[in-house]
Amino acid sequence: MAKIQMTTPLVEMDGDEMTRILWQLIKDELLLPYIDLKTEYYDLGLEHRNETDDQVTIDSANATLKYGVAVKCATITPNAARMEEYHLKKMWKSPNGTIRSILDGTVFRAPILVKGIRPCVRNWEKPITLARHAYGDVYKNTEIRVEGPGKAELVFTAADGTETRELIHDFTGAGVLQGMHNTDKSITSFARACFNYAVDTKQDLWFATKDTISKKYDHTFKDIFQEIYENEYQEKFYTLIDDAVARVMKAKGGFIWACKNYDGDVMSDMVSSAFGSLAMMTSVLVSPAGVYEYEAAHGTVQRHYYKHLKGEETSTNSVATIFAWTGALRKRGELDKLPELCAFADKLEKATLDTIESGRMTKDLALITELTDVTVLNSQDFIKAIRKTMEK
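Scope of this entry: the structure provided in the associated data block. (Residues numbered from 1 in each chain as written. Predicted model: local features only at pLDDT ≥ 70, side-chain atom pairs only at ≥ 80, totals over all residues. Heavy atoms only, no water.)

Remarks on helix α9 (residues 261–275)
Argument step 1. The end-to-end C-alpha distance of α9 is 21 Å, a good match for the 21 Å that 15 residues give at a rise of 1.5 Å each.
Argument step 2. Among all positions of α9, only N261, G264, M267, S268, V271, S272, A274 and F275 are buried. Taken around the axis of α9, the buried residues stretch over an arc of 160°, which confines them to a single face.
Argument step 3. Phi turns positive, to about 150°, at G276, one or two residues after α9. (Helix = DSSP H or I, 4+ residues; strand = E, 2+ residues; numbered from the N terminus. Expected span 1.5 Å × (residues − 1). Buried < 20%, exposed > 50% of the residue type's maximum accessible area, 1.4 Å probe, protein only. Arc of directions from axis to C-beta.)

Here you go:
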C-alpha cells in the first residue's frame, strides 16, 4: 500500500526519558509504515539543550512560526537534582516556557474519554477543557535570593526616564523575591482565543482569577476579558478562582475553563487525573498568528525510564503522545488540504480507543477501568496492539 504523502513538514521536537522511548516506538510502529513522514527535527533532550546553551529550543520555536504546526515530546525542566545528574552548565528554563513566550497564544487541554473509565467526580458527564494562558507570569519570572536585611522595591522606568516605585517588603533577615509580568497584548489574544474557541465548539466559557487580592495584576486580566466580552461577545463568563473550583466539582462538564498560566498548569493536572489519567489528555497551543503546537500534557515518566535503563519491563501509557501526533498530522492535513492525512489521524485515534475498550491497556488504566476482562500490556506491546487494531 502506498504511503500517505505530506507536502509541508511538521516541526518535530524530541524530548526526554521514557517519553523519548515512546516517541520513537510510535513513529516506528504507528506512523512511518503508513506516512511518508516529513519533519524538521529538533532534539530538545536535556543533554542537547545543554550542549547548545538552549539555542535548540529557540530554534524549534522559530521553526514552528515558519511552518505553522509542531509536535512536541515531553521534556525535563531541570531542578537542582537534574543539574547534578546531567552535569548541566546552568539550570536551564522550562523549554515549554521558552517556546510559549515566542509563540504566545493559549494552551487548550481536554481529557480523552474512553468507555470503561469513569471520572472520579461522578457527576462529570462531558469533557472539561482547560484554556491556559501560555505567556508570562511565573514561567517568565525573575527571582532574587535575599541573604540579609534590606529594602525590596518594584521599580518601573518609563521610556521618558520617569520612575514608578512601590515598596515590596522591608526585610529584617533572609528571604526570597520574585518578579512577574504580562502584557495587555498577550492577555487580549488569550481572551479572544478563549471566546473564539468557545463559539467554535459551542461550549460555555468560564474565566477566573483572584482579583479581590491582586487588584492590579489579576484585575487587569478581568478588565480585558470584560471589555472584549462587552464589545464582541454576549455570554457571562467571569467568576472568582475560588468559586470556579467549587463550581467545577458540582458541574456536569462540557465547558471551557480559562485560567492564567499557573492556574491552568495546576488545574489541567487536576482535571486530567480526575477524568482518569495524566496520560489521557490532549494539549494544543494556539497562537494568534495561526500557529499550532501539539504535545502530551504530562511529564517524562522518570520512574519508568529508570526501570527501562535497568532492563526492567514498563507499562507506560502512550495515549496522550499518540494524540499529540494525530492532532499535529490532522492540522497539517487541514492546512495543506490533504484529506487522507486527516483521515489517517482519525483512524489512529479510533484504533487507540478501540484497543483500550477491547480490554487491552497499560497498567495505569487497568487499575481504574470498570471493564472486567482486562489484559495489561507493556509499553511496547500496547503500541503494537494499536497497530493490529488499526490494520483490521
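Regarding the packing of aromatic side chains
Argument step 1. Scanning the model with the defined rule gives 11 aromatic pairs in all.
Argument step 2. Measuring from centroid to centroid gives 6.4 Å for Y305 and Y306, while their planes differ by 45°, and the two rings are tilted.
Argument step 3. Put simply, the rings of F190, F195, F207 and F225 pair up and form one aromatic cluster.
Argument step 4. Between the NZ or CZ atom of K331 and the centre of the ring of Y292, over which it lies, the distance is 4.4 Å. (Phe/Tyr/Trp six-rings, centres within 6.5 Å; stacked < 30°, edge-to-face > 60°. Lys NZ or Arg CZ within 6 Å of the ring centre and 35° of its normal.)

What about the environment of L10?
Argument step 1. Looking at the secondary structure, you find L10 in strand β2 (residues 10–14).
Argument step 2. Residue L10 is classed as buried on the basis of its relative accessible area, which comes to 0%.
Argument step 3. Considering only alpha carbons, one finds L10 and K210, 200 residues apart in sequence, at a separation of 38 Å.
Argument step 4. The residues contacting L10, other than those within four sequence positions of it, are K38, T39, E40, V69, V71, W325, A328, L329 and R332. (Contact = heavy atoms within 4.5 Å.)

Some details on helix α5 (residues 95–103)
Argument step 1. With 8 of 9 residues buried, α5 is to be regarded as a mostly interior element.
Argument step 2. Considered for burial, the residues of α5 that qualify are P95, N96, G97, T98, I99, R100, S101 and L103.
Argument step 3. N-capping of α5 is provided by S94, with a side-chain oxygen placed 3.2 Å from the backbone N of N96. (Polar contact = N/O pair within 3.5 Å; in protein donor to acceptor, adjacent residues only side chain to side chain.)

Observations regarding the pairing of strand β14 (residues 255–259)
Argument step 1. Taking burial as the measure, the 5 residues of β14 include 5 buried ones, the bulk of the element.
Argument step 2. Burial along β14 is two-sided: the face carrying F255, W257 and C259 and the face carrying I256 and A258 are both buried.
Argument step 3. The pairing of strand β7 (residues 128–133) with β14 spans 5 bridges and is classified as parallel. Bridging across to β14, R132 finds its partner in C259.
Argument step 4. Alignment of strand β12 (residues 204–209) against β14, held across 4 bridges, turns out to be parallel. Opposite W206, over in β14, you have W257 as the bridge partner. (Pairing = 2+ DSSP bridges.)

Quick look at the packing of helix α3 (residues 55–67) against α5
Argument step 1. One can describe the packing of α3 onto α5 by two numbers: an axis separation of 9 Å at closest approach and a directional angle of 35°. Crossing angle aside, the handedness with which α3 passes α5 is right-handed. Along its contact with α3, which presents T57, I58, S60, A61, N62, T64 and L65, the element α5 presents P95, T98, I99, I102 and L103. (Axes fitted to C-alpha atoms, helices over the stretch in contact; angles between N-to-C directions. Left-handed = near helix turned anticlockwise from the far one by under 90°.)

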